[in-house]
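Fold and contact review
Each chain, letter by letter, is given below.
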Amino acid sequence: MGSSCNFCVEPDPRRTTIQVFNADGSNGHTFASGIRNAVGFDWDPQTRGLWAADNGIDKAGDEMPPDEINLIEEGKNYGHPFVIGRGIASPLADDPSAADRARRAAVNPAFELPPHMAPMGVSFYTGTKFPAAYRTSLYVALHGSTDRSSKAGYKVVRLVMNNGRPE
């Protein structure tokens, strides 16, 4: 469930989380938290790990923050709203002690994309039409962002996976 704002502590604890439910909609619970807007996710066909793209905050300038590709693990927190990228306190945080606590507990992204690329989906290619080198790569669709002084993104990129991690 994505964030309702650019930067805030959500009053609804389900926001900025990945929720898990039974097929009938019952027994909902938080699988992972601190994820601003996980707009796409897929399971690695080799490791069965859950991967998600996450859009960073806006209004922090052209060069901050990176968008993220995260290996989502149960019970982990990925830092939003206080942490961006690899353990950097959010420039919008007005509570340094909360940012410091969040930074110590947050999981770093597995891969950082340039700022404001706006990843809109991730998918592992498991077909056979592409050459073998392209199979099991993680593909990321980038929407691009209006929160930059010059346009960037607007493409699909390939992340080569090696031992279950992007290179």
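A quick note: this is a predicted structure, and the numbers were derived from the prediction, not measured. (Residues numbered from 1 in each chain as written. Predicted model: local features only at pLDDT ≥ 70, side-chain atom pairs only at ≥ 80, totals over all residues. Heavy atoms only, no water.)

Notes on the state of the cysteines
Note the threshold: In this description, the term disulfide denotes a pair of cysteine sulfurs within 2.5 Å.
For the coordinates displayed, the defined rule picks out one disulfide. Linked covalently through their sulfurs, C5 and C8 form a disulfide whose S-S length is 1.9 Å. Taking the torsion about the sulfur-sulfur bond, which here is approximately -95°, the covalent link between C5 and C8 counts as left-handed.

Some remarks on the sheet that holds strand β11 (residues 155-159)
Adjacent strands of a sheet form backbone hydrogen bonds with each other and so pair up, either parallel or antiparallel. Convention followed: The pairing criterion is simple: DSSP has to find at least two bridges between the two strands. Secondary structure counts use DSSP, requiring at least four H or I residues in a row for a helix and at least two E residues in a row for a strand, with both numbered from the N terminus. Only the stretch in contact is used when fitting a helix axis, every axis being a line fitted to C-alpha atoms; angles between N-to-C directions are given from 0 to 180 degrees.
If you walk across this open sheet you meet the three strands as β9-β10-β11, and the pairing is antiparallel. Each edge of the open sheet is held by one strand with a lone partner, namely β9 (119-124) and β11. Sheet twist, expressed as the average angle between the axes of neighbouring strands with direction ignored, equals 20°. Looking at chain direction, β9 and strand β10 (residues 138-142) are connected through five bridges and run antiparallel. Its bridge partner lying in β10, P119 is registered against L142.

Looking at the pairing of strand β4 (residues 50-54)
The side chains of a regular strand alternate, first on one face of the sheet and then on the other. So the rule is basically this: Each residue is placed in one exposure class: buried if its accessible area under a 1.4 Å probe, protein chains only, is under 20% of its type's maximum, exposed if it is over 50%, and partly exposed if it falls in between.
Most of β4 sits out of view: five of its five residues are buried. By the alternation rule, side chains of β4 split into L50, A52 and D54 and W51 and A53, which are all buried. With five bridges joining them, strand β3 (residues 38-43) and β4 adopt antiparallel strand pairing. Across the sheet, G40 pairs through a bridge with A53, a residue of β4. In the sheet, β4 pairs with strand β5 (residues 66-72) via five bridges, with the strands oriented antiparallel. Bridged to L50 within β5 is I72.

Some words on the pattern of salt bridges
Using the following cut-off: What makes a salt bridge here is a side-chain nitrogen of Lys or Arg within 4 Å of a carboxyl oxygen of Asp or Glu, nothing more.
Going through the model one piece at a time under the given rule, you end up with five salt bridges. Salt-bridge contacts for D100 lead to R104; the nearest nitrogen and oxygen are separated by 2.4 Å. Pair noted here: D100 and R104 are both in helix α1 (residues 96-105), with a separation of four residues, about one helical turn. On the accessibility criterion, D100 (29% relative accessible area) is partly exposed. A residue is classified by how much of its surface remains accessible, and R104, at 61% relative accessible area, is exposed.

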